Structures are given as C-alpha cells and as structure tokens.
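Remarks on the overall topology
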Amino acid sequence: MNQLVIGQYVPGRSLIHQLDPRAKLAFVFAYMILVFFANNIASYGLLLFFSACTIYLSQIPLRIFSASLKPILFLILVMILFHLFLTKGGQVLFHFSFLTIYEEGVRQAVFISLRLILLVLTASLLTFTTSPMDLTDGLENMLHPFTRFGLPAHEFALMMSIALRFIPTIWDETEKIKKAQMARGADFESGHIFRRVKSYIPVLIPLFISAFRRAEDLALAMEARCYRGGINRTKLRELHFSTKDLGLVIIFAFLVLGICLLRE
Amino acid sequence: MEIVIKNLNHIYMPGTPFERQALQDLNMQISSGSFVAILGQTGSGKSTLIQLIAGLMSPTSGNIQIGSYHLTPNSKERLAVRKHVGVVFQYPEHQLFEETVVKDIAFGPRNQGLSEKEVTERVQMAMEMVGLSPELGDRSPFQLSGGQMRRVAIAGVLALSPEILILDEPTAGLDPHGKSELLNTISKLHKERQMTVILVTHDMNDAARFADYLFVLARGTCELEGTPGDVFKEQDHLVQFALDLPDITRLINQLNRQIHPPIPTNIFSMNELENHLIERLKKVVSL
C-alpha cells in the first residue's frame, strides 16, 4: 500500500492503544455528544485541550492526524463562508456593498469549524489506536444484549470485520489495476469530470469481478472450515476491562462537569 | 532502447510508520534487444523496479535512462516512456474489462490515438502473435479458459507494439504445457522483432533457458549479475538469496561427479545436453 487510507489502524503501544475497545467506543460516542454542548471559547478550549492531550498520549505523529482532516477541509471552508456571509446578529464588523459580516457570523464560523475538527479528530483517534479486530469485537460485545430482540450481533460484527479487513486489499487491487491500465495508455488525470468518471470504467469492472471472486472464495473457505456464526462461539481473545478503563469514566465525568460550568 | 539505471532508490510512504525502502542504490544496465531475467525472492524489490522502468511511479532518488528519456524524481517524461514500454503484470487476465476480446485488445491502441484501420491491424497482429484464433475475437473474454484469458491480456499489451516488454511472472498459475508455450511465444517475439524483454520470475529453469543475461535482486539491490552460465556457477551465493539452481544444472553437476572431463555448466537446454553427450560418445567410439 502506497498511501495511508483514512481511518487506518496505526500500530502502537501507547496508553490509548491499550484501553479496552468497548470503553473507547462508549467514550468516543459520549464525547461526540458532549462536543455539541460546547458554546463558548472556554468550553471549546477545554475540549480542544483534552483532544490535544489524547493525541499527545497516543504517540501517533501529528502529520497523520492532519492528513485525516484533509478530506473535510473543503466542507469546513464552505461552512465558514456560509456563516460569515449569511449569519446575522451582533455588531457589524465589515461592510462592503452587498457583503456584510456580523460578529455572530464570525463566532459561528469559528465554532462550527472547531466542532467539525473535534469530531473528526476524535473519530480518527479511535480508528488509529484500535485495530479493526478489537473494534468489531468491542462492538459485538456491546450489541450482544440486543440479540434478545432479534438483532444478529455476531453476524453484524462479522460483516463489519470482513468489510474492514478487505479495504486495504481492495485498495491495493485498485492501484494494481489502475497501473495495468495506465501502462496500456489509460489516462485518469486529464479531461473534464464526465470523461474522468468514464475513464474509471476499465478499473471498476475488473475490480467488481475480483471482489465477487474474493467473496466466493472466502465463503467457500469459511464453509470448508465448518464455520457457523452466532450461538456458543467462544473467542480466542477475551476483552477485559482494567483500571485504566475506569479512569475514562472519571475523566468523562470531569469533562461533563467542566462543560456545564463553562458553557453559557 | 537501452536501459541504464543509476543509484536508484525507492521508499514507500516516507515519513509514516509504514515507511519501507524497496530499492537501495540500484545500478543496472540492460542493453537494447536483449532478453534479461530478474530473479529474486518476494520482497526483493522486483515489482517496484519494473513499475519504475515502466514510468508508472517516480523514484525517490536516482536516475533511469531509457533511450533518450530520463526518469528522475520530478521527471515529466514518464508519460512518454509508457508509450515505449509494455508491462504484463502478474495475473494480467485480472485487468480484462471489455465485452469482446477484440475490444479489449484494442483498448491500448485506441488510447494511443491511432485510426480505426490501424487499431484493427494492431489487434489482428497481436492476436496472431500470441496464437489466438480469429474466431475468438467476438467472444467475451470472461468466457475463455484461464490460459486463453492470459493470452488476450498479453495481446492487449503487445498491441501497443512496445520496444521494451516487461513480464512479471507471466506463467504463474498456468499448467506446464501452457507455460512453455507462452515462453516460447515470447522468445520468438524477442528474436523476430528485436524486442527487449525483461522477464521477472521465480523459476530458475525459465530464466536459464530463455534469458541471455540475469540479474539477482536481494534487499533492493542487485547482488549478482551475468550470463546464466556465470550466475549459476555461484551456487553458494544463490543459496544465500534463497534461490535454486535450474534442474538441468543440478543434473550436470551430478553427472560431473562421475565423469571426466566435466560437462560445461553453461548448457541450459535438454537438446544441447543431448548433443554434447552424443559428441562425446562419438569421440570415445572413434578412439
């Protein structure tokens, strides 16, 4: 693989890597909700400080985090522009013919982009520090209570882990086919958007064919090993909560308290 | 077109935890119209090397000279180089996509902007080269057998009429018969059209029989090079790179333990060995 895929696991032995995936999943979910309650400089400051600490603790290079923000840069830019020019309220900061920028617009633009950045950073931190295996194990475990209501938790987790497992494989395959067609003179870079989309047909068709072939092979291999999902399967690696995971609960309680005190 | 490679380095994903140096100060020279084989274990940098030669990636540092083109880290000549170099990747049948065999083979020539007449000519020529009968032209490539699919894919590359043909394990997954048929076809093309052929292979037998010069790659550098006769003399070296001797060389070595004077070890085909032994026998009988 020549490129870092978004959301890829970055192996490591940091404190964050060692946390239980269930604890991380629950924390990230709750934290993301908490982000929406921040509404002034102080509360955003607290969350930013916390996120910066976790990023530092994860021992993952900052460059990788900034790469994960790249895809949403355009979205942030659009949001900033919308808020700058369309949100009214507060003092007028700038006025030129039909353009008026209000104080409230600047405030919203800053806060909304901060919120997006926080959400993406938190989600990235989860996937960077948790292997896909751990993630799906954790999810299966957390969904387990719902099997009583007919939710196929195991199958769901299996589907997810297979999908995650095959992202890099299919990515590699795409690169390979792309190169093979480039060697035959295919051009993926020039021309207008419709031509460029059309130029990907020689890549997509072989890719679909190989994906189906892989799926069939995998199904056959699983059946040959007498795979049956669901009931009474045991796991090679059991998940265990530790005191570190308990720490997350306490940290979260402090964060909630902090936000409640700081927000207006 | 001659290929001269100087101090070539290639690093994948530099600056990430996944950084990996695939090629390290590689130097090689492949003369025009030769048939060379590149040998090496998995991970020795063979695939990286051929992608760089084909202009599909830019090297991290160093220089590849192909004819009058120079491929350097920021070179803009990669597109031009692709017109002269054809690459048959591993399992090339996985890149087929068109509805019919003819259309798929025509993909390359069409991209080169040739006229319909020229495209048709090229497709016919390429199908003939790889021994595909014209009736197959209107069939879907996905209905063909594995061996035929591979021929279609190779025809798709040959239709570009490249001056340099690179083949990455072209015989992987074929039966012995299909294997020797394919290599014979390639050898014929090399002789008839003076095409430079670069064969990447694990199979020492193929390398010894068809190539006139060998490069042994290990850990991203060229550790050993020379004619098959020279390279396969270095048995101790080869073992170090987890490479075998060709079957025929092993046979000759075994025979040489029993007979004197020894049989020369630069014989790589059964025919030659037979002739040599018959000659010897004649000499003995005439004495």
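Owing to the predicted nature of the structure, the values given are computational and were not obtained by experimental measurement. (Residues numbered from 1 in each chain as written. Chains lettered and ligands numbered in written order. Predicted model: local features only at pLDDT ≥ 70, side-chain atom pairs only at ≥ 80, totals over all residues. Heavy atoms only, no water.)

A word on the overall build of chain B
- Assigned secondary structure in chain B consists of eleven helices and ten strands.
- Relative to a compact globule of 287 residues, whose C-alpha radius of gyration would be 19 Å, chain B shows 21 Å and is just as compact.
- Principal-axis analysis of the C-alpha atoms places the extent of chain B at approximately 70 × 55 × 35 Å.
- Taking contacts inside chain B between residues at least 6 apart in sequence as the whole, the part at least 24 apart equals 60%.
- On chain B, roughly 13600 Å² of surface is accessible, and the fraction owed to carbon and sulfur atoms is 49%.
- If you average the places of the 26 positive and of the 33 negative side-chain charges in chain B, the two averages end up 1 Å apart. (Helix = DSSP H or I, 4+ residues; strand = E, 2+ residues; numbered from the N terminus. Rg over C-alpha atoms; globule rule 2.2 N^0.38 Å. Contact = heavy atoms within 4.5 Å. Areas by Shrake-Rupley, 256 points an atom, 1.4 Å probe, with all protein chains shown as cover. Lys, Arg positive; Asp, Glu negative; His and termini not counted. Charge placed at Lys NZ, Arg CZ, Asp CG, Glu CD.)

As for the packing of aromatic side chains
All names here are of chain A.
- Counted under the stated rule, the structure contains ten aromatic pairs over all chains.
- Ring geometry for Phe188 against Tyr200: centres 4.9 Å apart, planes inclined by 35 degrees, an arrangement best described as tilted. Placement of Phe188 in the loop between helix H8 (153-183) and helix H9 (193-199) and of Tyr200 in the loop between H9 and helix H10 (201-224) is noted, with a sequence separation of twelve residues between them.
- Through a chain of ring-to-ring contacts, three or more aromatic side chains come together here, namely Phe27, Tyr31, Phe50 and Phe252.
- Above the ring of Phe241, the side-chain terminus of Arg22 is found at 4.3 Å from the ring centroid.
- Over the face of the ring belonging to Phe166 we find Arg165, whose NZ or CZ atom lies 4.7 Å from the ring centre. (Phe/Tyr/Trp six-rings, centres within 6.5 Å; stacked < 30°, edge-to-face > 60°. Lys NZ or Arg CZ within 6 Å of the ring centre and 35° of its normal.)

Details of the nonpolar core
All names here are of chain B.
- Grouped together as the largest cluster of nonpolar side chains are 55 residues, with contacts concentrated most on Ile105, Leu158, Leu214, Val216, Phe232 and Leu238.
- Counting residues per element, this core draws most heavily on helix H5 (residues 146-158), which supplies seven residues.
- Residues within four places of Leu238 in sequence aside, it is in contact with Val216, Leu224, Val231, Phe232, Leu243, Asp244 and Leu245.
- Met1, Ile5, Phe107 and Ile198 belong to the second largest nonpolar core, which has 43 residues in total. (Core = buried A, V, L, I, M, F, W, Y, C linked by side-chain atoms within 4.5 Å. Buried < 20%, exposed > 50% of the residue type's maximum accessible area, 1.4 Å probe, protein only.)

A closer look at the UniProt feature "domain: ABC transporter" (unreviewed entry) in chain B
- UniProt records the feature "domain: ABC transporter" (unreviewed entry) for residues 3-244 of chain B in the present numbering.
- Across residues 3-244 of chain B one finds 36% helix and 26% strand; the C-alpha atoms that close the span lie 27 Å apart. (UniProt positions renumbered as here; feature names shortened; annotations may be inferred.)

Examining the side chain of Thr100 of chain B
Residue and element names in this part refer to chain B.
- Structurally, the position occupied by Thr100 is in the loop between strand S6 (85-88) and helix H3 (101-111).
- Classification of Thr100 as buried rests on a relative accessible area of 17%.
- In contact with Thr100, not counting residues within four places along its chain, are Gly137, Asp138, Arg139, Ser140 and Pro141.

Re the domain arrangement of chain B
All names here are of chain B.
- Domain annotation for chain B reports domain 1 (1-84 + 163-243), domain 2 (97-161) and domain 3 (246-287).
- Spacing between the C-alpha centres of domain 1 and domain 3 amounts to 31 Å.
- Summing the contributions of domain 1 and of domain 3, the shared interface buries around 590 Å²; its carbon and sulfur component is 64%.
- Seen at the junction of domain 1 and domain 3, the total is zero salt bridges.
- Where domain 1 touches domain 3, the interface holds one residue pair in polar contact (both at pLDDT 80 or more).
- With four residues, helix H7 (residues 204-210) is the single largest residue contributor to the side of domain 1 that touches domain 3.
- The residue inventory of the side of domain 1 that touches domain 3, partitioned by class, reads four nonpolar, three polar and two charged. (Domains from an automatic or database assignment. Buried area = accessible area lost by both parts, 1.4 Å probe. Salt bridge = Lys/Arg side-chain N within 4 Å of Asp/Glu carboxyl O. Polar contact = N/O pair within 3.5 Å; in protein donor to acceptor, adjacent residues only side chain to side chain. Nonpolar A, V, L, I, M, F, W, Y, C, P; charged D, E, K, R; others polar.)

Description of the interface of chain B and chain A
- With 25 residues of chain B at the contact, the number on the chain A side is 24 residues.
- Together, the buried faces of chain B and chain A total about 2200 Å²; carbon and sulfur atoms form 64% of this surface.
- The tally of links between chain B and chain A comes to one salt bridge.
- In this structure, the salt-bridge partner of Arg184 of chain A is Asp104 of chain B, at a minimum N-O distance of 3.0 Å.
- At the surface where chain B touches chain A, the tally comes to five residue pairs in polar contact (both at pLDDT 80 or more).
- Mapped by element, the contributors of at least two residues to the side of chain B that touches chain A are S6 and H3 of chain B.
- Top element by residues in the side of chain B that touches chain A is H3 of chain B. It accounts for five residues.
- Considering only residue class, the side of chain B that touches chain A consists of 15 nonpolar, eight polar and two charged.

Let's talk about the domain arrangement of chain A
Residues and elements named next belong to chain A.
- In terms of domain boundaries, chain A breaks down into domain 1 (15-144 + 240-262) and domain 2 (155-224).
- If you average the C-alpha positions of domain 1 and of domain 2, the two centres end up 32 Å apart.
- Taken residue by residue, the interface counts five residues in domain 1 and five residues in domain 2.
- Buried surface at the junction of domain 1 and domain 2, summed over both partners, amounts to about 450 Å²; 93% is from carbon and sulfur atoms.
- When the area that domain 1 buries against domain 2 is broken down by residue, the three leading residues are Pro132, Thr136 and Leu139, summing to 67%.
- Remark: the boundary between domain 1 and domain 2 carries zero salt bridges.
- Seen at the junction of domain 1 and domain 2, the total is zero residue pairs in polar contact (both at pLDDT 80 or more).
- Each residue belonging to the side of domain 1 that touches domain 2 can be placed in one class, and the counts come to three nonpolar, one polar and one charged.

Observations regarding helix H5 (residues 73-86) of chain A
Residues and elements named next belong to chain A.
- Taking 1.5 Å of rise per residue, 14 residues should cover 20 Å, and H5 covers 20 Å from first to last C-alpha, within 8% of that figure.
- Those residues of H5 lying buried are Ile76, His83 and Leu84. Along the long axis of H5, the arc covered by the buried residues comes to 100 degrees, so they all point the same way. In H5, the exposed residues that point more than 90 degrees away from the buried face are Phe74, Leu77, Phe82 and Leu86.
- Residues of H5 that are buried in the fold lie against strand S2 (99-102) and helix H6 (103-129). (Expected span 1.5 Å × (residues − 1). Arc of directions from axis to C-beta.)

What to know about the pairing of strand S10 (residues 221-226) of chain B
All names here are of chain B.
- Sheet topology note: the strand S9 (residues 213-218)/S10 ladder contains five bridges and is antiparallel. Along S10, the bridge assignment pairs Leu217 with Cys222.
- In this structure, the hairpin formed by S9 and S10 is closed by a connection of two residues, where Arg219 is found at a positive phi of approximately 50 degrees. (Pairing = 2+ DSSP bridges.)

Some points on the packing of helix H2 (residues 21-35) of chain A against H6 of chain A
All names here are of chain A.
- Axis separation between H2 and H6 bottoms out at 10 Å; the angle between their running directions is 175 degrees. Judged on the interaxial angle alone, H6 and H2 are roughly antiparallel. Contacts between H2 and H6 involve Lys24, Leu25, Val28, Tyr31, Met32 and Val35 on the former and, on the latter, Arg115, Leu118, Leu119, Thr122, Ala123, Leu126 and Thr129.
- In terms of residue class, the contact of H2 with H6 is built from nine nonpolar, two polar and two charged. (Axes fitted to C-alpha atoms, helices over the stretch in contact; angles between N-to-C directions. Parallel < 35°, antiparallel > 145°, perpendicular 65-115°, else oblique.)

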